[in-house]
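Analysis of the macromolecular model
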Amino acid sequence: MDYKKTNAPTTTVTRDLMELCEDTGNIYETVAIIGKRANQIATEMKNDLSKKLQEFASYNDNLEEVFENREQIEISRYYEKLPKPTLIATQEYVEGKIYYRNPAKEKEKLQ
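As a starting point, this report considers the structure included with it. A quick note: this is a predicted structure, and the numbers were derived from the prediction, not measured. (Residues numbered from 1 in each chain as written. Predicted model: local features only at pLDDT ≥ 70, side-chain atom pairs only at ≥ 80, totals over all residues. Heavy atoms only, no water.)

A few words now on the pattern of salt bridges. Here the structure, examined in full by the defined rule, presents two salt bridges. For Glu92, the salt bridge is made with Arg37, and the minimal N-O distance between the two is 2.7 Å. Separated by 55 residues along the polypeptide, Glu92 in helix α4 (residues 85-95) and Arg37 in helix α2 (residues 27-54) bring together distant segments of the chain. The exposure classification of Glu92 matches that of Arg37, with both residues buried. With its nearest N and O atoms 3.0 Å apart, the salt bridge here joins Lys97 to Glu95. Residue Glu95 is classed as partly exposed on the basis of its relative accessible area, which comes to 31%. (Salt bridge = Lys/Arg side-chain N within 4 Å of Asp/Glu carboxyl O. Helix = DSSP H or I, 4+ residues; strand = E, 2+ residues; numbered from the N terminus. Buried < 20%, exposed > 50% of the residue type's maximum accessible area, 1.4 Å probe, protein only.)

For the pair α2 and α4, the least separation of the axes is 8 Å and the interaxial angle reads 125°. As far as their axial angle goes, α4 and α2 are oblique. Along this stretch, α2 crosses α4, giving a crossing that reads as right-handed. Mapping the contact onto sequence places Thr30, Ile33, Ile34, Arg37, Ala38, Ile41, Ala42 and Met45 in α2 and Pro85, Thr86, Ile88, Ala89, Thr90, Glu92 and Tyr93 in α4. Looking at the contact of α2 with α4 residue by residue, the class counts come to 10 nonpolar, three polar and two charged. (Axes fitted to C-alpha atoms, helices over the stretch in contact; angles between N-to-C directions. Parallel < 35°, antiparallel > 145°, perpendicular 65-115°, else oblique. Left-handed = near helix turned anticlockwise from the far one by under 90°. Contact = heavy atoms within 4.5 Å. Nonpolar A, V, L, I, M, F, W, Y, C, P; charged D, E, K, R; others polar.)

The calculated volume of the largest pocket comes to roughly 180 Å³. Lining the largest pocket we find Arg15, Asp16, Glu19, Leu20, Glu22, Asp23, Tyr93 and Val94. Residue assignment for the lining of the largest pocket shows that the elements contributing at least two residues are α1 (17-20) and α4. Partitioned by chemical class, the residues of the lining of the largest pocket number three nonpolar, no polar and five charged. (1 Å grid on protein atoms, 1.4 Å probe; cavity = no way out; pocket = protein on both sides within 12 Å on 5 of 7 lines; lining within 4 Å. Points joined across faces, edges and corners; volume = space filled by probe spheres on them.)

As structure tokens, this is what we get:
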């Protein structure tokens, strides 16, 4: 996933709770959905960052380490400037990009 292409805000945004919970009818269920997606995004971002920083892993000391650290710092800054996973997940939810289902509600409909 390309996190830079998301149109999620990088700062905190005040949202209308009633508007957020229109689909589910329950704000707690909506928060649970967004929270689970945020955890998925955070895990994915952490794995991406770890893979990129793994390339710079050096197990012996040398003078080139100073130059490698600059590249590591640039990569870390890039990830720090990205929107937080909760903001990305909330934006995805608002745009309708998150698929979710509630097995308990589906069971009620069948009965």
